[in-house]
Amino acid sequence: MSKKKLHKITKKDEVGYFAPKNWEFWRALAVCFCLITIIGHWMEIPWCIAMDRLFGIVSEDYVVWTDPWYHPYWVYGFGAVGMTLVIEPLKEIIVMHRKTLWGALLETFVITVALAAVMECVIGWLVNQPDQFGEYPYWDNSELPGNIFGQAWIVNDLGIGLMAVLYVWVIFPLVCEGFSLLRPQVANAVFVIIIIGFAACCIASYLELALR
């Protein structure tokens with residue numbers, strides 16, 4: 001009994017997802033925004049547990065412990081949009097110039113970590129300057145090992161890099177491919193259902209928080 005050979009992934013399989021002139025691209029982006037906004041909330045829980053046990057930096061009253069599981073964490077959704085519009089086309093350029101996909105993946109990771117560190121520093125210098133007593137108003141990474149100018153933190157940046165690689169190499173292409181397997185009418189119906197479900201999660205979570 002012969003076994004079918006698995007399809008070998010080539011460079012062509014990793015490019016073409018950045019297609020801003022097509023409705024299918026924006027539909028996949030909107031779905032990813034909704035999904036990552038909710039899933040990002042779930043992912044923050046194990047991340048906070050790990051950071052608290054390793055570095056003791058998560059307070060007991062942090063909202064992630066008490067927010068409803070369906071509460072949207074918008075920063076992750078907008079992060080997905082940013083990665084799709086910036087990192088995805090960059091990834092496709094890297095893929096076409098690198099000899100191997102592994103090399104392209106590694107370069108994508110390194111660039112994303114560097115971008116995350118730069119963004120953390122720039123945002124910190126703009127809005128997180130210490131006051132006259134030397135206290136930072138929003139976050140203080142100055143005493144953490146691996147901090148960058150007291151604003152960025154390499155641990156966060158590595159985590160962002162890993163999530164970015166996972167998103168542009170796996171999640172966004174998977175959503176695009178999933179929709180491509182459906183008939184256009186069915187794909188659009190699934191899209192509408194996801195949007196309605198996401199809106200219901202937002203409304204329900206904010207109502208619950210308002211009634212506490």
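All values derive from a computational prediction rather than experimental measurement.

A. Here's a closer look at the layout of surface pockets. Within this model, the largest pocket holds a volume of roughly 1,800 Å³. If you trace the largest pocket, you find 41 residues lining it, with Trp 47, Val 75, Tyr 76, Asn 156 and Ile 160 closest to the centre. Within the residue set of the lining of the largest pocket, elements represented by two or more residues are helix H1 (23–55), helix H2 (74–97), helix H3 (101–127) and helix H4 (154–180). Here the element with the most residues in the lining of the largest pocket is H4; it accounts for nine residues. Here the lining of the largest pocket is built from residues that sort into 30 nonpolar, eight polar and three charged. Around the second largest pocket, the lining is made up of 15 residues, and of these Glu 24, Phe 25, Arg 27, Cys 176 and Ser 180 lie nearest the centre. Sorting the residues of the lining of the second largest pocket by element identifies H1, H4 and helix H5 (184–210) as the ones contributing at least two each. Looking at the lining of the second largest pocket residue by residue, the class counts come to nine nonpolar, three polar and three charged.

B. Focus on H1. Taking 1.5 Å per residue, 33 residues should reach 48 Å; H1 reaches 45 Å between its end C-alpha atoms and fits that length. Along H1, the largest kink reaches about 25° and is centred on Ile 36. Downstream of H1 by one or two residues, Gly 56 has phi in the positive range, about 60°.

C. Representation of the environment of Phe 25. Relative to the elements of secondary structure, Phe 25 occurs in helix H1. Measuring from C-alpha to C-alpha, the distance between Phe 25 and Val 86 comes to 14 Å, with 61 residues separating the pair along the chain. Discounting residues that sit within four places of it in the chain, Phe 25 has contacts with Tyr 17, Phe 18, Ala 19, Pro 20, Thr 84, Leu 85 and Phe 172.

Parameters at a glance
Residues numbered from 1 in each chain as written. Predicted model: local features only at pLDDT ≥ 70, side-chain atom pairs only at ≥ 80, totals over all residues. Heavy atoms only, no water. 1 Å grid on protein atoms, 1.4 Å probe; cavity = no way out; pocket = protein on both sides within 12 Å on 5 of 7 lines; lining within 4 Å. Points joined across faces, edges and corners; volume = space filled by probe spheres on them. Helix = DSSP H or I, 4+ residues; strand = E, 2+ residues; numbered from the N terminus. Nonpolar A, V, L, I, M, F, W, Y, C, P; charged D, E, K, R; others polar. Expected span 1.5 Å × (residues − 1). Bend = angle between axes of the 7 residues up to and from the residue. Contact = heavy atoms within 4.5 Å.

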